[in-house]
Amino acid sequence: MMKRLSLGISAALMAVLFSGCTMMKMGTTFMGFDSETQEAYAKMMGVIGETGDPAQAMMLEFAVDPDLAEEELIESINSVALEYNMMVVGEKNMFNLADAKPEEVKHARVIELCSLSIAKKMLNHSRYYGGFMPCRIMLVEYGNGERYLITMDMTLALYGGTDKKPINEDLFKDMLRVKEAMEKIPERAAKGDF
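Everything quoted here is computed from the prediction, not taken from an experiment.

Reading the values: rules and limits
- Note on numbering: residues in each chain are counted from 1, in written sequence order.
- Residue-level local features of this predicted model are given only where pLDDT is at least 70; pairs of side-chain atoms are given and counted only at 80 or more, and the full residue set underlies all totals for whole chains, interfaces and linings.
- The basis for the side-chain values is all heavy atoms of the structure; hydrogens and waters are excluded.
- Where helices and strands are cited, they refer to DSSP runs of H or I of at least four residues and of E of at least two residues respectively, numbered from the N terminus.
- Buried residues are those whose accessible area, probed at 1.4 Å on protein chains only, stays under 20% of the maximum for their type, while exposed residues exceed 50% and partly exposed ones sit between those limits.
- Note on contacts: a residue pair qualifies if any of its non-hydrogen atoms lie within 4.5 Å across the two residues.
- Per-residue accessibility takes into account occlusion by the displayed protein chains alone, with areas from the Shrake-Rupley method and a 1.4 Å probe.
- Any two strands with at least two DSSP-identified bridges between them are counted as paired.
- By nonpolar core is meant a set of buried Ala, Val, Leu, Ile, Met, Phe, Trp, Tyr and Cys residues that side-chain atoms within 4.5 Å join together.
- Each aromatic pair joins two rings of Phe, Tyr and Trp (for Trp, the six-membered one) with centres within 6.5 Å, and gets the label stacked for planes under 30 degrees apart, edge-to-face for over 60, and tilted for any other angle.
- Any pair of cysteine sulfurs within 2.5 Å is marked as a disulfide.
- Take the number of residues in a helix, subtract one, and multiply by 1.5 Å to get its expected span.
- The reported arc concerns the directions from the helix axis to the C-beta atoms and nothing else.
- Axis lines are fitted through C-alpha atoms, for helices just across the contact stretch, and the angle between N-to-C directions can take any value from 0 to 180 degrees.
- In this scheme the crossing of two helices becomes right-handed for a clockwise turn of the near helix relative to the far one and left-handed for an anticlockwise turn of less than a right angle.
- Charged means Asp, Glu, Lys or Arg here, nonpolar means Ala, Val, Leu, Ile, Met, Phe, Trp, Tyr, Cys or Pro, and polar covers whatever is left, Gly included.

(A) Focus on the overall build of the chain. Each helix and strand counted, the chain has seven helices and five strands in total. Sequence-ordered secondary structure for the chain, helices as α and strands as β, is α-α-α-β-α-β-β-α-β-β-α-α. Considering the chain as a whole, with its 194 residues, one finds that 33% of them fall into the buried category. The long-range fraction of contacts in the chain, counting pairs at least 24 apart against all pairs at least 6 apart in sequence, stands at 68%. When the accessible surface of the chain is summed, it comes to about 12,500 Å², and 59% of that surface belongs to carbon and sulfur atoms.

(B) Examining the pairing of strand 1 (residues 59–63) more closely. Burial along strand 1 is one-sided: L60 and F62 are buried, and none of M59, E61 and A63, which face the opposite way, are. With five bridges connecting them, strand 1 and strand 5 (residues 147–152) associate as antiparallel partners. Bridging across to strand 5, M59 finds its partner in M152.

(C) Broad picture of the nonpolar core. Residues I77, M86, L113, L149, M182 and I185 are the most contacted members of the largest nonpolar core, which totals 34 residues. Per-element tally for this core: the top contributor is helix 7 (residues 169–189), with seven residues. Every residue in contact with I185, bar those within four places of it in the chain, is listed here: I77, V80, A81, Y84, M86, L113 and I137.

(D) Structural detail: the packing of aromatic side chains. Within the structure shown, the criterion is met by two aromatic pairs. Here the aromatic rings of Y129 and F132 are separated by 5.8 Å at their centres, their planes lie at 40 degrees, and the arrangement is tilted. Here the aromatic rings of Y142 and Y148 are separated by 6.2 Å at their centres, their planes lie at 85 degrees, and the arrangement is edge-to-face. Judged by its relative accessible area of 25%, Y142 falls in the partly exposed class.

(E) A look at the environment of T37. Positionally, T37 belongs in helix 2 (residues 35–51). As a C-alpha pair, T37 and T155 span 118 residues in sequence and 8.5 Å in three-dimensional space.

(F) Summary view of the state of the cysteines. This model, assessed by the stated rule, comprises zero disulfides. C135 supplies the cysteine sulfur nearest to C114, a cysteine that is in no disulfide, at a spacing of 6.7 Å. With a relative accessible area of 14%, C135 lands in the buried category.

(G) Quick look at helix 4 (residues 70–83). With 14 residues, helix 4 should reach 20 Å at 1.5 Å per residue; the first-to-last C-alpha distance of 20 Å fits that figure. Taken as a whole, helix 4 has its buried residues at E70, L73, I74, S76, I77, V80 and A81. All buried residues of helix 4 project into a common sector of 155 degrees when viewed along the axis, lining one side. Following helix 4 by one or two positions, N85 adopts a phi angle in the positive range, close to 55 degrees.

(H) Structural context of the pairing of strand 4 (residues 135–142). Sheet analysis places strand 3 (residues 105–114) next to strand 4, joined by eight bridges and oriented antiparallel. Across the sheet, residue I111 finds its bridge partner in strand 4, namely I137. Bridge analysis of strand 4 against strand 5 gives five bridges, and the strand direction is antiparallel. Among the inter-strand pairings, E141 is bridged to a residue of strand 5, identified as R147. Hairpin geometry of strand 4 and strand 5 is characterised by an intervening segment of four residues between the two adjacent antiparallel strands and by a positive phi of about 95 degrees at G145.

(I) Summary view of the packing of helix 4 against helix 7. Where helix 4 meets helix 7, the axes come as close as 9 Å, and the angle between the chain directions of the two elements is 145 degrees. Considering how the two elements wind past one another, helix 4 and helix 7 form a crossing that is right-handed. Contacts between helix 4 and helix 7 involve L73, S76, I77, V80, A81 and E83 from the former and K184, I185, R188 and A189 from the latter. Of the residues assigned to the contact of helix 4 with helix 7, the class counts are six nonpolar, one polar and three charged.

Here's what the structure looks like:
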């Protein structure tokens, strides 16, 4: 009995020790990031800590004007996208659910946008940026009629790394323009801005 208790305590101490080492390693890595990177990760972790939802921590959300018809909303996205040299390259309804409860998603529609010239540069820097492409805006409508436009927050795509693989200045400026576009397009379209 005493031997089992002793083994249990040893195992618990080892777990705490290794967990501490992991946290120390993460902290050391974090402190090596530049200030924008630290701020981006801290913001993301703050949202996760508050909501428990890692997906929410990586997205931006814009409430849609209730008086705006869906086709007007899509037209607005197309119009505003052109101002930012982005093209709508795809669009599809994911689903419609006629009998959705007020808190359930009733309708979801995806709009895909791209700046091909910048996309090529991003892929040449890292093929893994392909996972972000094309940029997406999702329209989500609940059974109670509330609608939102949701898009990825590109902050970590720009500031999420270290100096091990820096983004060259020209590409970084291009990526900042895409980030601005993917914030402004849904923000303005949600209000019906043309």
